[in-house]
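Analysis of the macromolecular model
What follows is each chain in one-letter form.
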Amino acid sequence: MNDSSLRPVGGALFDLDGTLIDSEPQWQIAQTRLAEQAGVTWTDEDFLATIGRPMPRWAALLSDRGVPGTIEEIIAQAVAFVTEQIRNHMPWLPGAQELLTEAAAAGVPCALVTNNAAAAAELVAEAAGVFSTVVSSADVTEPKPDPEPYLTAARQLGVDPARSIAFEDSVSGATSAHRAGLAVWFLTGHTADPQVPVDRTLGSLTEVSAQDVLEALARERQSALGR
């Protein structure tokens with residue numbers, strides 16, 4: 001696989017929350033605190049229903065229930081809490097750091113693609129030190145499940161979406177990647193049903209090696225060259 005003729009023309013594009021890091025407990029705490037401060041409820045079901053969705057979705061729900069401030073102000077309060085938490089302790093999921101480091105060392109172009117805030121995305125990107133591009137909620141008009149985030153990242157990364165792999169753990173993210181034309185390698189930690197076709201399901205990133213990624217991208221390239 002070191003043959004330069006097999007060097008990928010695609011890339012590996014990674015979701016953030018639930019794929020690389022486990023910051024979702026911090027988001028749930030932030031949302032719950034905002035609700036409690038306003039004397040309203042925010043249940044586990046509310047949180048689970050908004051995982052992977054654009055941040056204005058849950059902020060609007062909190063606002064509708066009586067949390068004060070604009071949607072932007074509600075989001076900013078939650079972002080400030082979560083970024084402080086992950087700055088103090090980066091909650092990497094099993095296998096994430098190893099896969100990122102090995103993939104980058106093997107020459108695989110890597111991008112971070114998230115509905116999260118730019119501050120949180122940049123913090124993780126800095127800690128990882130391997131991403132050639134980062135696309136957060138601040139960089140797109142339409143977040144996941146729209147294909148725009150993955151199409152934007154692929155364009156900035158200089159790779160063909162149809163020859164690239166997206167690592168995702170949510171229905172919203174898998175839908176975004178699938179609609180953008182990427183192969184989807186889906187982590188089943190939150191749901192076993194991504195609701196779109198996927199190329200591979202994973203219990204965790206410990207099940208994937210850089211060699212797996214290289215071989216998948218090389219097969220895709222060879223297939224494309226053969227058409």
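Attention in this report is confined to the structure presented alongside it. (Residues numbered from 1 in each chain as written. Predicted model: local features only at pLDDT ≥ 70, side-chain atom pairs only at ≥ 80, totals over all residues. Heavy atoms only, no water.)

**Some points on the overall build of the protein**
Put simply, the rule reads: In this description a helix means any DSSP run of H or I spanning at least four residues, a strand means any run of E spanning at least two, and both kinds are numbered starting from the N terminus. A 1.4 Å probe rolled over the protein chains alone gives each residue an accessible area, and that area as a share of the maximum for its type sets the label: buried under 20%, exposed over 50%, partly exposed in between. Whether two residues are in contact is decided by their heavy atoms: any pair within 4.5 Å suffices. Working definition of accessibility: Shrake-Rupley area with a 1.4 Å probe, residue cover restricted to the visible protein chains. We treat Lys and Arg as the positive residues and Asp and Glu as the negative residues; His and chain ends play no part in the count. Charge positions are represented by NZ for Lys, CZ for Arg, CG for Asp and CD for Glu.
The secondary structure content of the protein amounts to nine helices and six strands. By the burial criterion, 51% of the 227 residues in the protein qualify as buried. In the protein, of all internal contacts separated by at least 6 residues, the share reaching a separation of at least 24 is 61%. In the form shown here, the protein has an accessible surface area of approximately 10,100 Å², with 47% of it arising from carbon and sulfur atoms. Here the protein carries 14 positive and 30 negative side-chain charges, and the mean point of each set is 7 Å from the other.

**Digging into the nonpolar core**
Our working definition: What makes a nonpolar core is a set of buried Ala, Val, Leu, Ile, Met, Phe, Trp, Tyr and Cys residues whose side-chain atoms join them at distances within 4.5 Å.
Counting 56 residues, the largest nonpolar core has F14, L20, W58, W92, F131, F167 and V213 as its most contacted members. When residues in this core are grouped by element, the largest group, seven residues, is from helix α4 (residues 71-88). Among all residues touching W92, those that are not within four sequence positions of it are L20, I21, Q97, L100, V124, A127 and A128. Judged by nonpolar contacts, the second largest core, of 18 residues, contains A111, A153, A154 and L157.

**Quick look at the packing of aromatic side chains**
The condition that has to hold: Any two rings among Phe, Tyr and Trp, with Trp reduced to its six-membered ring, count as a pair given centres within 6.5 Å; such a pair is stacked if its planes are under 30 degrees apart, edge-to-face if over 60, and tilted if neither.
Using the criterion set out here, one finds four aromatic pairs in the structure. Considering the side-chain rings of F14 and F167, the 4.6 Å spacing of their centres and the 5° angle between planes classify their relative orientation as stacked. Of the two residues, F14 sits in strand β1 (residues 12-14) while F167 sits in strand β4 (residues 165-168), which places them 153 residues apart along the sequence. By relative accessible area, which is 1% here, F14 ends up buried. Taking relative accessible area as the criterion, F167 reaches 0% and is therefore assigned buried. Where F167 meets W185, the ring centres are 5.4 Å apart and the plane angle is 75°; that geometry is what we call edge-to-face.

**As for the sheet that holds strand β6 (residues 200-202)**
As a reminder of what qualifies: Here the rule is simple: two strands pair whenever DSSP picks up at least two bridges between them. Axes here refer to lines fitted to C-alpha atoms; in helices the fit is confined to the stretch in contact. Angles between the N-to-C directions go from 0 to 180 degrees.
Read from one edge of the open sheet, six strands run β3-β2-β1-β4-β5-β6, paired in parallel fashion. Either end of the sheet is taken by a strand with one partner, and the two such strands are β3 (133-135) and β6. For this sheet, the mean angle separating the axes of adjacent strands, direction not counted, is 20°. Relative to β3, strand β2 (residues 110-113) runs parallel, the two sharing three bridges. Bridged to A111 within β3 is T133. Each of β4 and β5 (183-187) is contacted by helix α8 (residues 171-179), which is oriented at about 170° to β5, the strand it contacts most.

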